Amino acid sequence: MRLPPVRFLPSSAAPAVVAANARIAHLARAGNIEGARAAFEAMPLRTTASYNALLAGYFRNRLPDAALGLFRRMPSRDLASYNALISGLSLRRQTLPDAAAALASIPFPPSVVSFTSLLRGYVRHGLLADAIRLFQQMPERNHVSYTVLLGGLLDAGRVNEARRLFDEMPDRDVVAWTAMLSGYCQAGRITEARALFDEMPKRNVVSWTAMISGYAQNGEVNLARKLFEVMPERNEVSWTAMLVGYIQAGHVEDAAELFNAMPEHPVAACNAMMVGFGQRGMVDAAKTVFEKMRERDDGTWSAMIKAYEQNEFLMEALSTFREMLWRGVRPNYPSVISILTVCAALAVLDYGREVHAAMLRCSFDMDVFAVSALITMYIKCGNLDKAKRVFHTFEPKDIVMWNSMITGYAQHGLGEQALGIFHDMRLAGMSPDGITYIGALTACSYTGKVKEGREIFNSMTVNSSIRPGAEHYSCMVDLLGRSGLVEEAFDLIKNMPVEPDAVIWGALMGACRMHRNAEIAEVAAKKLLELELGNAGPYVLLSHIYTSVGRWEDASKMRKFISSRNLNKSPGCSWIEYDKRVHLFTSGDVLAHPEHAAILRILEKLDGLLMESGYSADGSFVLHDIDEEQKSHSLRYHSERQAVAYGLLKIPEGMPIRVMKNLRVCGDCHSAIKLIAKITSREIVLRDANRFHHFKDGFCSCRDYW
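Residues numbered from 1 in each chain as written. Predicted model: local features only at pLDDT ≥ 70, side-chain atom pairs only at ≥ 80, totals over all residues. Heavy atoms only, no water.

The name an unreviewed UniProt entry gives the chain is DYW domain-containing protein, with Oryza nivara as the organism.

Undergrad: Teacher, can you tell me more about the overall build of the chain here?
TA: Along the backbone of the chain there are 38 helices and 6 strands. Referenced to the eigenvectors of the C-alpha coordinate spread, the extents of the chain come out at roughly 105 × 55 × 55 Å. When burial is assessed residue by residue, the chain has 50% of its 706 residues classed as buried. Contacts in the chain between residues far apart in sequence, at least 24 positions, make up 60% of those at least 6 positions apart. The chain carries 79 positive and 77 negative side-chain charges, and their two centres are separated by 5 Å. (Helix = DSSP H or I, 4+ residues; strand = E, 2+ residues; numbered from the N terminus. Buried < 20%, exposed > 50% of the residue type's maximum accessible area, 1.4 Å probe, protein only. Contact = heavy atoms within 4.5 Å. Lys, Arg positive; Asp, Glu negative; His and termini not counted. Charge placed at Lys NZ, Arg CZ, Asp CG, Glu CD.)

Undergrad: What is the right way to look at unusual backbone geometry in this model?
TA: The phi torsion of most residues other than glycine is negative, and most of the peptide bonds are trans. Along the chain, E395 connects to P396 via a cis peptide bond; the corresponding omega equals -10°. Here P396 shows up in the loop between α24 (384-393) and α25 (399-411). Not every positive phi belongs to a glycine, and A347 is a case in point at roughly 55°. Along the chain, A347 turns up in the loop between α21 (333-346) and α22 (349-362). Using a relative accessible area of 4% as the deciding quantity, one classes A347 as buried.

Undergrad: Got a minute to help me understand the pattern of salt bridges in this structure?
TA: Any two side chains of opposite charge can pair, on the condition that their charged atoms come close. Counting across every chain of the model gives 24 salt bridges. R234 is paired through a salt bridge with E229; the nearest N and O atoms lie 3.6 Å apart. In this structure, E253 engages R280 in a salt bridge whose closest nitrogen and oxygen atoms are separated by 2.6 Å. With E253 in helix α16 (residues 252-261) and R280 in the loop between α17 (267-279) and α18 (283-292), the pair connects residues that are 27 residues apart, well separated along the chain. Classification of R280 as partly exposed rests on a relative accessible area of 37%. (Salt bridge = Lys/Arg side-chain N within 4 Å of Asp/Glu carboxyl O.)

Undergrad: Sorry, what's going on with the sheet that holds strand β2 (residues 581-586) here?
TA: Within a sheet, neighbouring strands are paired by backbone hydrogen bonds and run either parallel or antiparallel to one another. On the basis of which strands lie adjacent, the open sheet formed by 6 strands has the order β2-β1-β3-β4-β5-β6 and mixed pairing. Lying at the two open borders of the sheet, with one neighbouring strand each, are β2 and β6 (699-700). Pairing of strand β1 (residues 573-578) with strand β3 (residues 657-661) involves 2 bridges; the strand directions are antiparallel. Residue pairing for β3: W575 is matched across the bridge by M660. In this fold helix α37 (residues 639-650) packs onto β1, β2, β3 and β4 (684-687), with an angle of close to 15° to the strand it touches most, β1. (Pairing = 2+ DSSP bridges. Axes fitted to C-alpha atoms, helices over the stretch in contact; angles between N-to-C directions.)

Undergrad: Sorry, what's going on with the UniProt feature "repeat: PPR" (unreviewed entry) in the chain here?
TA: Following the UniProt record, one finds the feature "repeat: PPR" (unreviewed entry) at residues 47-81, 111-145, 173-207, 235-269, 297-331 and 398-432. Span residues 111-145 is 74% helix and 0% strand, its end C-alpha atoms 12 Å apart. (UniProt positions renumbered as here; feature names shortened; annotations may be inferred.)

Undergrad: I tried to follow the pairing of strand β5 (residues 692-696) on my own but got confused; where do I start?
TA: The side chains of a regular strand alternate, residue by residue, between the two faces of the sheet. In this structure, β4 lies alongside β5, joined through 4 bridges in antiparallel fashion. Bridged to R687 within β5 is F692. Hairpin connection between β4 and β5: a loop of 4 residues separates the two successive antiparallel strands. Judged from the 2 bridges that link them, β5 and β6 form a sheet pairing that is antiparallel. Note that in β6 the partner of F695 across the bridge is C700. Between β5 and β6, which pair antiparallel one after the other, the connecting turn spans 2 residues, and D697 there sits at a positive phi close to 55°.

Undergrad: Can you help me understand the packing of aromatic side chains in this one?
TA: Scanning the model with the defined rule gives 16 aromatic pairs in all. On the basis of an interplanar angle of 75° and a centroid distance of 5.0 Å, the ring pair of F40 and Y51 is categorised as edge-to-face. Taken together, the residues span a long stretch of sequence, with F40 in helix α2 (residues 33-41) and Y51 in helix α3 (residues 48-60) at a distance of 11 residues. A relative accessible area of 6% means that F40 is categorised as buried. Between F290 and W301, the ring centres sit 5.2 Å apart and the planes meet at 80°, which makes this aromatic pair edge-to-face. You can see F290 sitting in helix α18 and its partner W301 sitting in helix α19 (residues 298-310), a full 11 residues away along the chain. Take F290: its relative accessible area is 8%, and that puts it in the buried class. An aromatic cluster is present here, built from F71, Y82 and F108 joined pairwise through their rings. It is R234 that lies over the ring of F228; its NZ or CZ is 4.2 Å from the centre. Above the ring of W239, the side-chain terminus of R234 is found at 5.3 Å from the ring centroid. (Phe/Tyr/Trp six-rings, centres within 6.5 Å; stacked < 30°, edge-to-face > 60°. Lys NZ or Arg CZ within 6 Å of the ring centre and 35° of its normal.)

Undergrad: Before we go on, may I ask you to explain the packing of helix α14 (residues 221-229) against helix α15 (residues 236-248) in this structure?
TA: The packing of two helices is summarised by the inter-axis angle and the distance between the axes. The N-to-C vectors of α14 and α15 enclose an angle of 160°; their axes lie 10 Å apart at closest approach. Our classification of the angle between α14 and α15 gives roughly antiparallel. As for how α14 packs across α15, the hand of that crossing is left-handed. Taken together, the residues of α15 that come into contact with α14 (itself represented by V221, A224, R225 and F228) are S238, W239, M242, G245 and Y246. A per-class count over the contact of α14 with α15 returns 6 nonpolar, 2 polar and 1 charged. (Parallel < 35°, antiparallel > 145°, perpendicular 65-115°, else oblique. Left-handed = near helix turned anticlockwise from the far one by under 90°. Nonpolar A, V, L, I, M, F, W, Y, C, P; charged D, E, K, R; others polar.)

Undergrad: Would you mind showing me how to read the environment of G481 here?
TA: Mapped onto the elements, G481 comes out in helix α29 (residues 470-482). Once the C-alpha coordinates of G481 and Q417 are considered, the two residues, 64 residues apart in sequence, prove to be 23 Å apart. Apart from the residues within four sequence positions on either side, G481 is in contact with V486, A489, A511 and H515.

Undergrad: What is the right way to read the nonpolar core from this model?
TA: A general trend in soluble globular proteins is that nonpolar side chains are found buried together. Counting residues in hydrophobic clusters, the biggest one holds 194 residues, and the most contacted among them are M180, M211, L243, I375 and L508. Top element by residues in this core is helix α23 (residues 368-380). It accounts for 8 residues. Not counting residues up to four positions away in its chain, the partners in contact with M211 are L181, C185, I190, A193, R194, F197 and L227. (Core = buried A, V, L, I, M, F, W, Y, C linked by side-chain atoms within 4.5 Å.)

Undergrad: Help me understand the side chain of D478 in this model?
TA: In this fold, D478 is placed in helix α29. Under the relative-accessibility criterion, D478 is labelled buried at 17%. Not counting residues up to four positions away in its chain, the partners in contact with D478 are S445, Y446 and A507.

Undergrad: I would appreciate a short explanation of the confidence of the model for the chain in the present structure.
TA: The predicted coordinates ought not to be read in detail in places where the model reports low pLDDT. For the chain, the average pLDDT comes to 88, and 93% of its residues sit at 70 or higher. Per-residue pLDDT, averaged within each element of the chain, yields its smallest value for helix α36 (residues 628-636) (53) and its largest for α18 (96). The low-confidence segment residues 1-9 (pLDDT under 50) makes 14 contacts with residues lying over four places distant or belonging to another chain. In this model, residues 623-632 is a region of pLDDT below 50 whose contacts with residues beyond four sequence positions or in other chains number 12 contacts. (pLDDT = per-residue confidence, 0-100.)

Undergrad: Quick question: what am I supposed to make of the packing of α2 against α3 here?
TA: At their nearest, the axes of α2 and α3 sit 10 Å apart, and the two run at 165° to each other. When the interaxial angle is binned, α2 and α3 end up roughly antiparallel. The two elements α2 and α3 meet at a crossing, and its hand is left-handed. Residues I33, A36, R37 and F40 of α2 lie in contact with α3, whose contacting residues are S50, Y51, L54, G57 and Y58. Here the contact of α2 with α3 is composed, by residue class, of 6 nonpolar, 2 polar and 1 charged.

Structure, rendered in structure tokens:
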């Protein structure tokens, strides 16, 4: 179809149309596409340039259908129209073939801009072979064409090819020189980068900054600082590059000194400084920077959340994330990963659901790493059904996702399902890694599958390149020990090719307590004390073992020894989430909670019901030398018992009560909670330091094997 000719405007109207076209372009660049469209429609006279401005705006604001519709309706088109179309279609990988077709359909000779627009699209989407082919076919090239392909080769790590192209360039501007310099730096070829820097006929602040960043990224922070000191001019990017270099090298004090000397504190520098302080554990310093900032971006919030998360200020991380959402800041990828880690650590399911909703709004639910973290969060919050749904609906699955499900099933006492996932993973062609084997061996350990565990452990060296490490031996010691094969577990430790660590000796110690083997327990306790001087745990366990085998005098001596040495014993604490708040309970300190009176009434009522059900407190789980009545009283106020009581008080019937504990649940509380679940007809899910316990109808999912 023949297009109508472009109208020529009266000279008096031309300035107004030019101004209107500029306004359309400005509004579109600012993201106000509705305003750009309104300005276009309000024009009494429109030129092809008017259409081109709105066409480019539609593509820039990710409205390709509207752009194509406008292109089809244009009364006339010029070369700029086709160039805008090619450039817009090149923004998305799936429309690159349409961009190539548009280039071929131009009714007049295409310009170098036309070819370069498609070239940039190929490079942007990593289609380097197509980019090189197009570049070779181009009838004309300019320095932009060369620079675009140069950047593609450097991004792909093809530095030598990039250098050959660089040498062929007829006109090398400072942008091309700096790109080549940065490519050498990214490849770790810092000597060649410096040689190129010295050859540059003209340098600008970007070139200097690139060289400084190159030194810093390659561990030469002192050389970076020397170059920084002789820069003819600096801008905020230069200062920030040097600051980031110090932080990456772990020189936080030098970074802080530089930060204080900066004439201005741009957002990027503040964010970097917060990251550095967070890595060093200086949370208050990071918070000070955060609070002084007049402007913040998503990286600012992410840096503060990460500083809290990595230093275990978990509640502060949660409140900061919620404040970020309340202020309308769109969460970025690092903040989502950090907050999912926090939700998993605290097992706060309601918060986790909020993060999941935020992920859906931001389209992070399509990212394999974010989804892996989401699955882990649901597993650690005790909602295995939701984790399974997310797992089964996502493709393709990566190794972290498979590992999360295997470990999740194992932690919930579902050994058969864990091993089923393990076999499905191998059938899917995914090679297990070291973490996979830990998950599979843990599943065998928690369910007493000795034969299967031995087969999996032996298959590591036969069917894979993974060599068993201390973690795998720890799983085998735990598996054998739980199954009563304590002597075999001890022999495995004595003959293993790696040095046994505290986890391995701790697994053996736990087996000794379970099967009342005081002799081997004494050996394990001695080794543990050598590795963890000052930790009361081995002494406490040994005291319990002495009590269980009737060595009362040895148990008494051990208790007195613990008291006299003022050894560290981690205080038991449990928590439960209710009404978007985390309620913390510490053993023996029930009065700390504002609703302690109601909690005490529930505990007293439960005492009576437990007595009627035949429960008798097991005083061996109380370390102190006190009478049986006092021991019973002490057990009643264990932190997990308080949290369960609060759950009965607050969580509606029909909903599971989910409790988390920082230590291994004690045997007496395990027995009591089984009965509490039965007499109250409630499901109670307890996550302790090792695994999940699902209590229902008087039974536990661990089958008393933990």
